[in-house]
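# Structural features, examined
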Amino acid sequence: MNVVYILGGEPIPVQGKRDEIYNKYGKEWNIKEHGGGHGNWLLTKNADVLVDGKSYRDYALNHYGKKKLTKKLADKFEEDIRSGKIKL
């Protein structure tokens, strides 16, 4: 079983119309309006934990009752999988 933690990234500023930005980035990025609008947006990605290439971010957060996925939480998740406390 291969468990990988992916660190969330720094915000990336982009410009464009709302529909264009959401169509292009909406599936993989969190999008926030930036600078009072005017077509400016900030894109961010959440940290993730992959088990054999599949995302378990939501599962891990729900299991531990947390809102933010940290390296420490991902390490605990991996430890609990390997010890058999969590069965996927």
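The rules we used
Starting afresh in each chain, residues are numbered from 1 along the sequence in its written order. Totals for whole chains, interfaces and linings use every residue, but because this is a predicted model, local features are given only for residues with pLDDT of at least 70 and side-chain atom pairs only at 80 or more, for both listing and counting. Only heavy atoms go into the side-chain values, all of them from the structure, while hydrogens and water stay out. Only DSSP runs of H or I reaching four residues or more are called helices, and only runs of E reaching two or more are called strands; each is numbered from the N terminus. Whether two residues are in contact is decided by their heavy atoms: any pair within 4.5 Å suffices. For salt bridges, the criterion is a side-chain nitrogen of Lys or Arg within 4 Å of an Asp or Glu carboxyl oxygen. The buried label goes to any residue with under 20% of its type's maximum accessible area, the exposed label to any with over 50%, and the partly exposed label to all in between, with areas taken from a 1.4 Å probe on protein chains only.

With respect to the element layout, D80 can be found in helix α3 (residues 71-83). Not counting residues up to four positions away in its chain, the partners in contact with D80 are Y64, K85 and I86.

In a structure, side chains of opposite charge can pair up when their charged atoms sit close to one another. Under the defined criterion, the tally for this structure stands at four salt bridges. For K45, the salt bridge identified is with E28, shortest N-O distance 3.5 Å. Remark: E28 occurs in the loop between α1 (18-25) and β3 (30-33) and K45 occurs in the loop between β4 (40-44) and β5 (48-51); sequence separation between them is 17 residues. For K45, a relative accessible area of 33% gives the class partly exposed. Owing to a relative accessible area of 58%, E28 belongs among the exposed residues under this scheme. Where E78 meets R82, a salt bridge forms, and the shortest distance between an N and an O atom there is 3.0 Å. Here E78 pairs with R82, and both are found in helix α3, just four residues apart, close to one helical turn. Relative accessible area serves as the criterion here: at 23%, E78 is assigned to the partly exposed category.

Treat this as a map of the structure, not an account of what it does.
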